[in-house]
Amino acid sequence: MEWIIVYSVFCVIIFCNEFVHALDCDIRYDIREKERGVKIADCKNRGLTVIPQHLPGDINVLDMSLNRLKTIGNNSFVNYRDLQELYLSQNQLRYLSDQSFQGLYKLTILDMSENILNLSKAYSAELFHPIKNLTKLDIRRNMPQPIDFVTDYDYPDQAFGILMELSYLAIDMMPLPHFGSGFGHMTTLKELHFESCYLIRLSNKTFQRFPSSVEQLTIRNCRLHFVVTEYNALLPFPNLHVIDFSGTFMHLKYALQLLHPYRNANISTINFGHVSDLSIDSKVLPYVLTITSDIVKYLKTICVENLDLSENGIVDNEPGSLFSFDHPECLQHLSFKGNRFLLLTEKNRNDLNLFFHGTVRLKSLDYSYNTVNYVIKNAVTSYSGYNCSFHSCVALPTSLEKIDISYTIANSGPKIFLVVPKNNSFTYLDASYTKVTTFILFREFRLETFSCTGGGYEYSYNLMKYFPNNTLKTIVWKNGNIGGGIRLHGNRLFIYLSSIESMDISENDIWYFPVGIFKPMPNLTYLSLRRNLLQSIPLQLSDQTKIKMLDISKNLLTSVSSTIRGWADKMQYLHGMTLILTDNAFECTCDNIDFIRWIQTTKVNLDSRSYKCKLSNGTVIDTFIAYNNLYELFADCKNKMLLTLASTLLSTCVAFLLLLVAYSRRWQIIFSIYGVIRRVVERKVRKYYQYDVYISYEGDIVIWIKDVLIPKLEKEWGLTMCIKDRDFLVGTSLADTEVESIQNSRSIIFLITPEFLSSRDCLFELDRAKYEKRNLERIIVITKDITITDIPIEFFYIWNYAYLVQWPEDQDDLNDIWRKLRMLLTDGFVVKN
């Protein structure tokens, strides 16, 4: 019986744990285009090990990704018969039962990617029967790397053949795949994607069982072995519009031969990026490749919109090959990134002119990361002072919007102009870390984004002279020796950037900005000063009124000035403000207390509320800890300041008195002068406090304070008192006002009366006095109409540094009490300092 009870309790605990997790799921509605509201249960990343059973029964979408599911038991979803989408990705699924998906007759999307579901074991013939109306199935990244690469791998077509409504299938690719006849039943299949790719052979029989309806084929990142391809491997897919073999090592020559079935066809995307690699280099198929007309004989006939031939070891091209297309008007995006050939030479100048003349729809050209040689003389990237009629020129199409020639180092020999014509659409140029002898000749500037990282400021500064106003919106000017530009041009460095909205000048070793340098950019909203040598945020920024994001991380800031803090708060109020401050040299010292408070209280969107900072003793903590321990860490800050002031003034006094002693024997005059100087010191020190005395009290004692204590301390002794019934403003938080007033007082007096014992407010003031004990000169406890034994126990913690004054009932003793109180309140601070 005991074991039964223990087991029952254990089961209840497990059930309750899962129930609590289920309650943590977010339930929300999403209005989708041309559909009514969709009810979504978001349970991702909740640590769940089973499917929760207490969600609303009418949910349409269930997201269980990023949990700890290992199995899906029978009837796990029977409570959710309206479910249309189920996401189980990134769990630990190993097993599916025959009735795992029972009841999900309306399910159309199932994602089980990134689990451990073995294709040979997990998919039974009955598994998908309840969800045979699926239109999208994603089971990628489930299969581990196989041990056997020489045996045919049979895919479970008896399981997948039931999915005749499927239009999207994402699955893993085994070394020698064999797809059975069941895959031919998917007559509506449009997209076929393979990942976790271990393919070693793509034969004419690989896809023969698939339907001809497939329009998109993706086989990415098959890198373990050289993938042998056969001539007509893609023949079963006559309607392909997207062919993406990027990262699958089959060599560019063989990849281009696979296009044989698509001669004179219309294809939107051909991505053969990085299909050649040094790891498959051989004498027969060398990585160093010269493009010939025979290699591109099928490609040139295709009307292709997006063509990617990046990272394929191309070092040269024969005339009539790489830039010879039967339908150049189809091209919109072209990438030669990461090869090693010259774009512009004398031998291909005519081909290029004809090519660009025909590419009337070309929008982007990527020629980045092409390193041909490193010996560059008189390297120039852009120019506008030459007349093309006297030089060889290649005219770019007016449709071109973007050119990326970053990280390109090439010496083309003769100067050839790449001409940007008038009425162009050219808005984006990335010439970062580029050194070429090719000139880009601008007939008319329309640039909106310009990246010139690593190019030095001279070229960029000269080029900017040609930018018309209200054109350039974004500039990336990293690692460009802008520090040198500031020394040479001063506040005129940005004079041509009047239309700039976003500027990145990080990594430039900038340590100062001249006054007015940001003034030419009234529309600046994004500014990155990351990785420079700034010791403070430039005060010049306080004149900018539109900045929404400032990145000043990885500099040498020790604080943020009150001017910049006020400006940032103003920007936040006007339009929102993000400030990135990570990895600076912040100090948690007395001088930075206001900055430490500001980090936690400002409404500015900071990248963190906890930055590393160094204490005065060298210890590294963070600003959040410092904020929570302000009184312990910085309690003596004001005293240190006052001691420094008093010490300086009194040292001056001593020096002056010694001079008087040397030249005068009249000691009465000397002591009179000392008295005057002492009073000056007293007044100077007092200026750092708003009040001399803070009074803590409760009850009818306020009448005695008004009629007796105030006339004595304020009118007769000249002290300033803080009395909450008189000095606190209406409407402000009482606790905040009490804290601030105690901080700004030299001394505090607790008037202990019978009413004091039951006052929470007075005990709060006592608690604040304990925190401020190092900053207060005197803590005085006056008992009136109460015995010492009735003083609250809380005062036990301050007796070591408090002064007790028992108010006498005998009027004859009153003069001695007043004399003692005056000594404590007026002479104490001079003696102490």
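Whatever comes next refers back to the structure up there.
Residues numbered from 1 in each chain as written. Predicted model: local features only at pLDDT ≥ 70, side-chain atom pairs only at ≥ 80, totals over all residues. Heavy atoms only, no water.

Undergrad: Before we go on, may I ask you to explain the state of the cysteines in this structure?
TA: What is meant by a disulfide is a covalent connection between two cysteines, made through their sulfur atoms. Counted by the stated rule, this structure contains four disulfides. Sulfur-sulfur distance for the disulfide between C25 and C43 comes to 2.2 Å. What sets the handedness of the C25 and C43 disulfide is the S-S torsion sign, and at about 120° it is right-handed. Within this pair, whereas C25 is found in the loop between α1 (2-23) and β1 (26-31), its partner C43 is found in the loop between β2 (37-42) and β3 (61-63), the two being separated by 18 residues in sequence. Residue C25 shares its accessibility class with C43, and that shared class is buried. Shown here is the disulfide that connects C303 with C330, its sulfur atoms set 1.8 Å apart. When the S-S torsion is -100°, as for the bridge of C303 with C330, the disulfide is left-handed. Placement of the pair is C303 in strand β19 (residues 303-308) and C330 in the loop between β20 (314-317) and β21 (333-335), with a sequence separation of 27 residues. As far as the burial class goes, C303 and C330 line up, both buried. (Disulfide = S-S within 2.5 Å. Helix = DSSP H or I, 4+ residues; strand = E, 2+ residues; numbered from the N terminus. Buried < 20%, exposed > 50% of the residue type's maximum accessible area, 1.4 Å probe, protein only.)

Undergrad: For this particular structure, what's the right way to read a nonpolar patch on the surface?
TA: A cluster of nonpolar side chains, contributed by W511, Y512, L533 and L556, occupies part of the molecular surface with about 380 Å² of accessible area. Within the secondary structure, W511 is located in the loop between β32 (502-504) and β33 (526-528). W511 sits in the exposed class, given a relative accessible area of 54%. (Patch = residues over 30% accessible without salt bridge, like charges linked within 9 Å, V, L, I, M, F, W, Y side chains within 5 Å. Areas by Shrake-Rupley, 256 points an atom, 1.4 Å probe, with all protein chains shown as cover. Salt bridge = Lys/Arg side-chain N within 4 Å of Asp/Glu carboxyl O.)

Undergrad: How do you make sense of the nonpolar core when you look at a structure like this?
TA: A general tendency of soluble globular proteins is for nonpolar side chains to be buried together. By size, the foremost hydrophobic cluster in this structure holds 180 residues, and its most contacted members are Y123 and F160. Counting residues in hydrophobic clusters, the runner-up holds 25 residues, among them V693, Y697, L709 and L751. (Core = buried A, V, L, I, M, F, W, Y, C linked by side-chain atoms within 4.5 Å.)

Undergrad: Explain the packing of helix α15 (residues 734-743) against helix α16 (residues 760-771) to me, please; I cannot follow it from the model alone.
TA: One can describe the packing of α15 onto α16 by two numbers: an axis separation of 10 Å at closest approach and a directional angle of 40°. Our classification of the angle between α15 and α16 gives oblique. Read as a crossing pair, α15 and α16 show a hand that is right-handed. Contacts from L734, A735, E738, V739 and I742 of α15 reach α16 at D761, F764, E765 and R768. Residue classes in the contact of α15 with α16 are distributed as five nonpolar, no polar and four charged. (Axes fitted to C-alpha atoms, helices over the stretch in contact; angles between N-to-C directions. Parallel < 35°, antiparallel > 145°, perpendicular 65-115°, else oblique. Left-handed = near helix turned anticlockwise from the far one by under 90°. Contact = heavy atoms within 4.5 Å. Nonpolar A, V, L, I, M, F, W, Y, C, P; charged D, E, K, R; others polar.)

Undergrad: Sorry if this is basic, but what is going on with the packing of helix α7 (residues 562-575) against helix α8 (residues 593-601) here?
TA: Helix packing for two helices is described by the angle between their axes and how far apart those axes are. Where α7 meets α8, the closest approach of the two axes is 11 Å, and the angle between their N-to-C directions is 15°. Taken together, the axes of α7 and α8 are roughly parallel relative to one another. Where α7 crosses over α8, the two elements pack in a sense that is left-handed. Seen from α7, the contacting residues are R565, A568 and D569; seen from α8, they are D594, F595 and W598.

Undergrad: Could you clarify how one ought to interpret the sheet that holds strand β38 (residues 612-615) in this entry?
TA: An order of β36-β38-β39 is seen for the three strands of this open sheet, with the pairing classed as mixed. Sheet topology places β36 (587-588) and β39 (620-622) at the edges, where each strand pairs with a single neighbour. (Pairing = 2+ DSSP bridges.)

Undergrad: I keep staring at the pattern of salt bridges and nothing clicks. Help me out?
TA: Side chains bearing opposite charge may pair, as long as their charged atoms lie close to each other. Evaluation of the coordinates by the stated rule reveals 25 salt bridges. When the shortest N-O distance is used, the salt bridge between E444 and R446 registers 3.4 Å. Classification of R446 by relative accessible area gives partly exposed; the value is 34%. Across the salt bridge formed by R746 and D692, the nearest N and O atoms sit 3.0 Å from each other. One end of the pair, R746, is in strand β42 (residues 745-752); the other, D692, is in strand β40 (residues 691-696), and 54 residues separate them in sequence. Residue D692 is classed as buried on the basis of its relative accessible area of 6%. Members of the salt-bridge network, linked through shared partners, are E114, D138, R140, R141 and E195.

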